[in-house]
Amino acid sequence: MNYRHAFHAGNFADVVKHALLARILAYMIAKPAPLRFVDTHAGLGVYDLSGDEASRTGEWRGGIGRLAAAAVPADLGEILAPYLAAVGPAGPDGSWRTYPGSPAVAQWLLRPEDRLTLCELHPEDVETLRANMGRDRRVRVLAGDGYGALNAALPPPERRGLVLIDPPFEKPGEFDALQAALVRAYRKWPTGTYMAWYPLKDRAAVGRFVNGVAVAGLRRILQIHLLVGDPDGGPLAGSGLVVINPPFTLKAEAEALLPWLAATLGRPGEPTEWTARWLAGE
Ligand SMILES: C[S@@+](CC[C@H](N)C(=O)[O-])C[C@H]1O[C@@H](n2cnc3c(N)ncnc32)[C@H](O)[C@@H]1O
């Protein structure tokens, strides 16, 4: 287990993932019934962008750093508002001290009646996550394998909510594990909303994964991705999401947001690409 998200926090992939996560949660909290957020691979919850790991890669500068420096067009203000509220303002010199991971984005947006179940395998990171979530009675932090925890957590008592599956993709077979987890979870709880993240690096592997999900009998599956540079080049350039049972507004919101994100986060001289398409409809 070598992956540490602290090196990557706030990068372009986090921006795409967290902006859409915030959009989904903002939509869900507009309805009064309580909901459950399950984060199977939760990470630290909050990241120190002035810390050693984030400073060493500087990846956040190509993500939240660029986004915050750009003028958000008026028609995207509402779409980005929940994410930018969770991130908070930059310092006076344009620097950032902390960046919220998915648990903190959800913690910020959710209401007193909602609940968060957060799972993390790395023993040190679990303790940091617990500390970062503070004394919040809505939050339960579980130590262990997120796929196993997901199976035990479904269906949640609230009967509505969002599951985020955001694995590190450091082991071979992660796409297969992700696909199996989605199919198993959907069978237990077909009305839940699911958001699964994947790296857009190996197009053949991504193709097998999305085809596998599309033919598994699941309905209402949206595929969203953003490529900010050459996928075959050096650092990760593509961030992908499969969203099952998304809010009905999400596809149009992604179609509005992604071209601007591509222009804002795109790497100079490298190709960009985005998509928001149904893999399976109603
Ligand atoms: C990509 S990071 C998560 C980032 C987080 N979801 C966010 O958006 O802020 C993946 C995390 O999964 C953890 N992890 C690795 N294998 C795991 C497993 N089997 N179950 C739960 N967590 C795992 C890693 O330690 C790492 O913190």
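Note that the coordinates shown come from a computational prediction; the quantities given were computed from them, not determined experimentally.

*Asks:* With reference to specific residues and values, describe the packing of aromatic side chains.
*Replies:* Taken as a whole, this structure holds seven aromatic pairs when the rule is applied. Look at phenylalanine 169 and tryptophan 197: their rings are 6.1 Å apart centre to centre, the planes differ by 75°, and that puts the pair in the edge-to-face class. On the criterion of sequence distance, the pair formed by phenylalanine 169 in the loop between β6 (161–165) and α8 (174–188) and tryptophan 197 in strand β7 (residues 193–199) is long-range, its members being 28 residues apart. Of the two residues, phenylalanine 169 and tryptophan 197, neither departs from the other in class, the shared state being buried. In textbook terms, an aromatic cluster arises when at least three aromatic residues are bridged by ring pairs, as seen for Phe169, Phe175, Trp197, Tyr198 and Phe209.

*Asks:* Go over the UniProt feature "site: Interaction with substrate rRNA" (unreviewed entry) in the protein with me, naming the residues and quoting the values.
*Replies:* Per the UniProt entry, the sites bearing "site: Interaction with substrate rRNA" (unreviewed entry) are Tyr3 in this numbering. Inspection of the secondary structure puts tyrosine 3 in the segment before α1 (12–28). What tyrosine 3 contacts, discounting residues up to four positions off in sequence, is His8, Pro168 and Glu170. Only 2.6 Å separates the side chain of tyrosine 3 from the side chain of histidine 5, close enough to count as a polar contact.

*Asks:* So, the site of the ligand: which residues are in play, and what are the values?
*Replies:* The full set close to the ligand counts 19 residues, and His18, Glu120, Asp145, Gly146 and Asp166 are the nearest of them. Here an oxygen atom of the ligand sits 3.2 Å away from a polar atom, N or O, in the side chain of lysine 17. Side-chain polar atom of aspartate 145 to a nitrogen atom of the ligand: 2.7 Å apart, as the coordinates give it. Here the ligand loses 96% of its free accessible area of 600 Å² to cover by the protein chains.

*Asks:* Explain the packing of α8 against helix α9 (residues 203–214) to me, and be specific about the residues and the numbers.
*Replies:* At a minimum axis distance of 10 Å, the contact between α8 and α9 shows a crossing angle of 15°. Considering their axes alone, α8 and α9 lie roughly parallel with respect to each other. Judged by the twist between their axes, the crossing of α8 over α9 is right-handed. For the pair formed by α8 and α9, the contact residues are Phe175, Leu178, Gln179 and Leu182 on the first element and Ala205, Val206, Arg208, Phe209, Gly212 and Val213 on the second. Partitioned by chemical class, the residues of the contact of α8 with α9 number seven nonpolar, two polar and one charged.

*Asks:* Break down the nonpolar core for me, with residues and values.
*Replies:* Counting 93 residues, the largest nonpolar core has Ile64, Tyr83 and Leu261 as its most contacted members. The dominant element in this core, judged by the number of residues it contributes, is α1, at eleven residues.

*Asks:* For the side chain of histidine 5, give the residues involved together with the corresponding values.
*Replies:* Inspection of the secondary structure puts histidine 5 in the segment before α1. Of the residues examined, histidine 5 reaches a relative accessible area of 16% and is grouped as buried.

*Asks:* Explain the sheet that holds strand β5 (residues 139–143) to me, using residue names and the numbers behind them.
*Replies:* Strand order across the open sheet formed by eight strands is β5-β4-β1-β6-β7-β9-β8-β10, with mixed pairing between neighbours. Both edges of this open sheet fall to β5 and β10 (273–280), since each of them pairs with a single strand only. The sheet shows a mean angle of 15° between the axes of neighbouring strands, taken without regard to direction. Where strand β8 (residues 221–227) meets β10, seven bridges bridge the pair, whose relative direction is antiparallel. Looking across to β10, one finds that glutamine 223 is bridged to arginine 277. Sheet contacts for α9: β7, β8, β9 (238–244) and β10; angle to β8, the most-contacted strand, approximately 165°.

Criteria and cut-off values
- Residues numbered from 1 in each chain as written.
- Predicted model: local features only at pLDDT ≥ 70, side-chain atom pairs only at ≥ 80, totals over all residues.
- Heavy atoms only, no water.
- Phe/Tyr/Trp six-rings, centres within 6.5 Å; stacked < 30°, edge-to-face > 60°.
- Helix = DSSP H or I, 4+ residues; strand = E, 2+ residues; numbered from the N terminus.
- Buried < 20%, exposed > 50% of the residue type's maximum accessible area, 1.4 Å probe, protein only.
- UniProt positions renumbered as here; feature names shortened; annotations may be inferred.
- Contact = heavy atoms within 4.5 Å.
- Polar contact = N/O pair within 3.5 Å; in protein donor to acceptor, adjacent residues only side chain to side chain.
- Near = heavy atom within 4 Å.
- Areas by Shrake-Rupley, 256 points an atom, 1.4 Å probe, with all protein chains shown as cover.
- Axes fitted to C-alpha atoms, helices over the stretch in contact; angles between N-to-C directions.
- Parallel < 35°, antiparallel > 145°, perpendicular 65-115°, else oblique.
- Left-handed = near helix turned anticlockwise from the far one by under 90°.
- Nonpolar A, V, L, I, M, F, W, Y, C, P; charged D, E, K, R; others polar.
- Core = buried A, V, L, I, M, F, W, Y, C linked by side-chain atoms within 4.5 Å.
- Pairing = 2+ DSSP bridges.

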